[in-house]
Amino acid sequence: MDASDFVLGGFASVGATFFTNPIEVIKTRIQLQGELAARGTYVEPYRGIVHAFATVAKNDGLAGLQKGLVPALYFQFIINSFRLSIYNMALNKGWMHKKNGEVSFGLGLFWGAAGGAIGSYFSSPFFMVKTQLQSQAAKQIAVGYQHAHTGMMDALSQIYNKRGIYGLWRGSMAAIPRAAIGSGAQIATFGKTKFMLKQYDIVTQPTLNSFCAGLIAGSLMSVAITPPDVISTRLYNQGWDERGRYNGWLDCCVKILKSEGIYGLYKGFWANYLRIAPHSTLVLLFFDELLLVRDKYLQDKSNRH
């Protein structure tokens, strides 16, 4: 694995996260409202995306729309460093190609899932803290368990002091299938779409090709990732002192289906889509552009010598 691929993958995601974190805050709040309550039996402080934006801005201030930004940047840097560097390594070594040279969707799914699973495990503490900070809200619009954190370092310190290293990785087993499914769908679609757009002379300009492939990949990813994303959000945000609410991802899934129906697993879908589609597009576009800049630099350096 090229070390520069690892770093560039992380930086690509950091740039995108500044733009998409506000919608992530909205998505988290919508996923937590009406937790384990039948549809129509609870108050909805967030009635749709536009209303949620206005509600957060009014009650938490504009800064409330960037809650959890710091751990979100750490999370995105770590997970995408693994995901994108593993994807690029597999692509360059021909591990994603069929014998006839075509990019394989199935192999892309495998390498995307592998990179997502590894990245999600190592970045899990930051995903947890991000979720807990994003759920913090003024009393009148609070949903889900409210953790008393003043920031990322305070949160990490509190969790470690209460539960040790294990506590920092609580919920990581739920995050792995979330990332594997989402990353696999994204990477497989991105690689295959880029190849097909170029092969059939539909979009051959490199930047536009990456943009179109990233948008399509992000759209498919949002459909695949929403149910495991809801489960991860619920598991990461549950209080330490609660007993019997969720005992792992399968228990969480079953309880949501029993209490909220299939709708519960797709709470926040449109917010998730509006976050993932542009985030996926920007991350993959930034990554491809950074690779082009790096390769041009290395080529120019080689020519000088």
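Predicted model, so just to flag it, every value in this text is computed and none were measured.

Cut-offs applied
Residues numbered from 1 in each chain as written. Predicted model: local features only at pLDDT ≥ 70, side-chain atom pairs only at ≥ 80, totals over all residues. Heavy atoms only, no water. Helix = DSSP H or I, 4+ residues; strand = E, 2+ residues; numbered from the N terminus. Rg over C-alpha atoms; globule rule 2.2 N^0.38 Å. Buried < 20%, exposed > 50% of the residue type's maximum accessible area, 1.4 Å probe, protein only. Contact = heavy atoms within 4.5 Å. Areas by Shrake-Rupley, 256 points an atom, 1.4 Å probe, with all protein chains shown as cover. Lys, Arg positive; Asp, Glu negative; His and termini not counted. Charge placed at Lys NZ, Arg CZ, Asp CG, Glu CD. UniProt positions renumbered as here; feature names shortened; annotations may be inferred. Axes fitted to C-alpha atoms, helices over the stretch in contact; angles between N-to-C directions. Parallel < 35°, antiparallel > 145°, perpendicular 65-115°, else oblique. 1 Å grid on protein atoms, 1.4 Å probe; cavity = no way out; pocket = protein on both sides within 12 Å on 5 of 7 lines; lining within 4 Å. Points joined across faces, edges and corners; volume = space filled by probe spheres on them.

1. Observations regarding the overall build of the protein chain
Alright, step 1. Helices and strands together make up the secondary structure of the protein chain, namely ten helices and zero strands.
Alright, step 2. Sequence-ordered secondary structure for the protein chain, helices as α and strands as β, is α-α-α-α-α-α-α-α-α-α.
Alright, step 3. For 305 residues, the compact-globule estimate of 2.2 N^0.38 gives 19 Å, and the protein chain sits close to it at 20 Å.
Alright, step 4. Oriented by its inertia axes, the alpha-carbon framework of the protein chain measures out at about 65 × 35 × 35 Å.
Alright, step 5. Residues counted as buried form 54% of the 305 residues belonging to the protein chain.
Alright, step 6. Counted over contacts in the protein chain with a minimum sequence separation of 6, partners at least 24 positions apart contribute 80%.
Alright, step 7. As displayed, the protein chain has an accessible area near 13800 Å², and 65% of this comes from carbon and sulfur atoms.
Alright, step 8. Averaging the positions of the 30 positive and the 18 negative side-chain charges in the protein chain gives two centres separated by 4 Å.

2. Description of the UniProt feature "repeat: Solcar" (unreviewed entry) in the protein chain
Alright, step 1. In the numbering used here, UniProt assigns the "repeat: Solcar" (unreviewed entry) feature to residues 4-93, 103-196 and 205-293.
Alright, step 2. With 72% helix and 0% strand, the stretch residues 4-93 has end C-alpha atoms that lie 16 Å from each other.

3. Some points on the side chain of Gln-33
Alright, step 1. You can see Gln-33 is positioned in the loop between helix 1 (3-32) and helix 2 (49-60).
Alright, step 2. Look past the residues within four positions of Gln-33 in its chain and what remains in contact with it is Tyr-42, Glu-44, Pro-45, Tyr-46, Val-143 and Lys-267.

4. Regarding the packing of helix 1 against helix 7 (residues 206-237)
Alright, step 1. Where helix 1 contacts helix 7, the axes come no closer than 10 Å and their chain directions differ by 80°. Relative to helix 7, helix 1 is oriented roughly perpendicular. Contacts from Lys-27, Thr-28, Gln-31 and Leu-32 of helix 1 reach helix 7 at Asp-229, Val-230, Thr-233, Arg-234 and Asn-237.

5. What to know about empty space enclosed by the protein
Alright, step 1. Applying the stated criterion to the full structure yields one cavity of 30 Å³ or more.
Alright, step 2. Within this model, the largest cavity holds a volume of roughly 290 Å³.
Alright, step 3. Surrounding the largest cavity, 24 residues form its lining, Phe-75, Gln-76, Arg-178, Arg-275 and His-279 being those nearest its centre.
Alright, step 4. Breaking the lining of the largest cavity down by element, the ones donating at least two residues are helix 1, helix 3 (69-92), helix 4 (105-135), helix 6 (172-199), helix 7 and helix 10 (269-304).
Alright, step 5. No other element matches helix 3, which puts six residues into the lining of the largest cavity.

6. Thoughts on the UniProt feature "transmembrane region" (unreviewed entry) in the protein chain
Alright, step 1. The sites that carry the UniProt feature "transmembrane region" (unreviewed entry) are, in the present numbering, residues 72-91 and 103-122.
Alright, step 2. The span residues 72-91 carries 100% helix and 0% strand; its end-to-end C-alpha distance comes to 27 Å.
Alright, step 3. Helix makes up 90% of residues 103-122 and strand 0%, whereas the separation of the span's terminal C-alpha atoms amounts to 28 Å.

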